[in-house]
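# Chains, contacts and geometry: an overview
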Amino acid sequence: MSFKLRQQKTPLFDGLRQHIKGHPVQFHIPGHKHGNGMDPEFKQFIGPNALAIDLINIEPLDDLHHPDGIIKEAQELAAEAFGADHTFFSIQGTSGAIMTMIMTVCSPGEKILVPRNVHKSIMSAIIFSGATPIFIHPELDEQLGISHGITVTSVKRALQAHPEAKGLLVINPTYFGISANLKEIVQLAHSYDMPVLVDEAHGAHIHFNDNLPLSAMQAGADMAATSVHKLGGSLTQSSVLNIQGTRISPLRVQSIISMLTTTSTSYILLASLDTARRHLVLEGKQLIDQTIELALTARKEINHILGLSCPGEEILDDNAIYDYDPTKLIISVKELNISGYEVEKWLREHANIEVELSDLYNILCILTSGDSREEVGHLVKALKQLSDTFYTGELSLSNHVHTQVPHMPTLALSPRDAFYSETEIVRLKDAAGRISAEFLMIYPPGIPIFIPGEIIEQENLDYIHKNLEAGLPVQGPEDPSLQYIRVIKERKAIL
Ligand SMILES: Cc1ncc(COP(=O)(O)O)c(C=O)c1O
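This one's a predicted model, so the numbers in the text were calculated from it and none came from an experiment.

### Describing the site of the ligand
The ligand sits among 13 residues. The nearest are Thr94, Ser95, Asp199, His202 and His229. Here an oxygen atom of the ligand sits 2.6 Å away from a polar atom, N or O, in the side chain of Ser95. In isolation the ligand has 390 Å² of accessible area, and contact with the protein removes 89% of it. Those elements that place two or more of their residues in the shell around the ligand are helix 6 (93–105) and helix 10 (228–231). Of the residues contributing to the shell around the ligand, the split by class is three nonpolar, eight polar and two charged.

So, in structure tokens, the structure goes:
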């Protein structure tokens, strides 16, 4: 059977539908029993089909923890589609898949090379596994005020300094759609026989179109955690973990992903992964081509609007910005003299538009095959009105020249040791010089400003203050009002 014919199959989705067609009398959970035992308003709203396939791992439906039936078949088709040797479905998002990757390669005390601007799930995994992170400084973009990926040169230095590390983690592409030269990075790491783990949360679609950056599997990486739910068309929370080669044992991955996964696996999510894979294989290339074309047109129009800029291929270099995903529109608003967050609110209030994220200087809008020309036209029109309202032509020097990216603090204790240390609570404004016992981040994108074990510096506090002033969602500490933070207890000499 040809690749295309095989990929038309959706064994998991078909198996579910076949099962419900027989109308089995269910004396098992979920107790709502295809909706009959639940709140009628919700039942009516969500509809009978979704409720009928909200099932659990009874024998005919296989078991995500020990797949040997329809889930196994669906995972094998996904592996073929993503160019992997094995694919594991994750219903705990890419966060669960990332934790699995790190816990697969690292035992307590072992080193892992990671960029500092990683998602909080990576830091959580470092705490769970007891691994020691060796941070690689990401490239900072002072024009846009964002961090990109890591360069080949910085990876080379990290490998030379820590050849015994158990893995190298790379974000490809970043939240903003920027990719480093992943293929070269993988070759370098492999010259040390070190596995490469890729956070591919923002790249579920890139494997399916040659005009997008190389996917982790195409670049030869050993493992990749991929949010199919973000840009691959499946339901929220469903992701895949792809692996290839001989450095990683699929048996160990299966046992770790199982340890981190609920025993009550959602078949709605699993079926959406099965069908999203089919759609990506059969229609992905053509649909992504159309999306790229739509995004390139939008980018051109946005670049004609006074006070706005939307970078494209002109920002590519041979380093951290080796390639980019044109379907991500990074719209720099700093010349309007208002923050990205104010623009996000303005678009909500004046144009009923919701963006993907905003920060001090930018908004990010993502386009997919779910967007139409009309919707993108609505965005461009709203951005023109925004410019008419705010653009004065006078550039505030502080806004124009000094974009600020978070300062990378120094790690004083391993994140796990800090997390389990004796702690005390101090006022956040007085915390400079203390070692944090908590995470603090702006979400989205969820990249920590500091993590447990890092020394809080005044520069970090100033950055937090600036983001709070701009109304951005700073979060993480136990104290949601952000007045206080938990730090490592200082031991004073006993008098
Ligand atoms: C870079 C990055 N990695 C990992 C994740 C986690 O993905 P998920 O939400 O699927 O758990 C995110 C989520 O925003 C992310 O931005």
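### So, the environment of Asp317
Within the element layout of this structure, Asp317 appears in the loop between helix 12 (267–303) and strand 11 (323–324). Placed 173 residues apart in sequence, Asp317 and Leu144 show a C-alpha to C-alpha distance of 15 Å. Within the local environment of Asp317, its side chain forms a polar contact with the backbone nitrogen of Asn319, the two atoms lying 2.7 Å apart.

### Some remarks on the nonpolar core
Grouped together as the largest cluster of nonpolar side chains are 31 residues, with contacts concentrated most on Leu12, Leu16, Leu61, Phe89, Phe208, Tyr267 and Leu270. Within the residue set of this core, elements represented by two or more residues are helix 2 (11–21), helix 5 (70–82) and helix 12. Not counting chain neighbours up to four residues away, the residues in contact with Leu16 comprise Ile53, Leu55, Leu61, Tyr267 and Ala271. Judged by nonpolar contacts, the second largest core, of 30 residues, contains Phe88, Ile98, Met223 and Ile243.

### A short note on the packing of aromatic side chains
Summed over the entire model, instances satisfying the criterion amount to three aromatic pairs. With centroids separated by 5.3 Å and ring planes inclined at 80°, the aromatic side chains of Phe82 and Phe208 adopt a geometry described as edge-to-face. On the criterion of sequence distance, the pair formed by Phe82 in helix 5 and Phe208 in the loop between strand 8 (196–200) and strand 9 (223–226) is long-range, its members being 126 residues apart. For Phe82, a relative accessible area of 4% gives the class buried. Relative accessible area serves as the criterion here: at 11%, Phe208 is assigned to the buried category. Their ring planes at 80° and their centres at 6.3 Å tell us that Trp346 and Phe390 sit as a pair that is edge-to-face. With Trp346 in helix 13 (residues 340–351) and Phe390 in helix 14 (residues 373–390), this pair connects stretches of sequence that are 44 residues apart. Judged by relative accessible area, which is 26%, Phe390 ranks as partly exposed. Lying over the aromatic face of Phe135, Arg116 brings its terminal NZ or CZ to 5.7 Å of the ring centre.

Calculation rules
Residues numbered from 1 in each chain as written. Predicted model: local features only at pLDDT ≥ 70, side-chain atom pairs only at ≥ 80, totals over all residues. Heavy atoms only, no water. Near = heavy atom within 4 Å. Polar contact = N/O pair within 3.5 Å; in protein donor to acceptor, adjacent residues only side chain to side chain. Areas by Shrake-Rupley, 256 points an atom, 1.4 Å probe, with all protein chains shown as cover. Helix = DSSP H or I, 4+ residues; strand = E, 2+ residues; numbered from the N terminus. Nonpolar A, V, L, I, M, F, W, Y, C, P; charged D, E, K, R; others polar. Core = buried A, V, L, I, M, F, W, Y, C linked by side-chain atoms within 4.5 Å. Buried < 20%, exposed > 50% of the residue type's maximum accessible area, 1.4 Å probe, protein only. Contact = heavy atoms within 4.5 Å. Phe/Tyr/Trp six-rings, centres within 6.5 Å; stacked < 30°, edge-to-face > 60°. Lys NZ or Arg CZ within 6 Å of the ring centre and 35° of its normal.

Function cannot be read off these values alone, since they describe shape.
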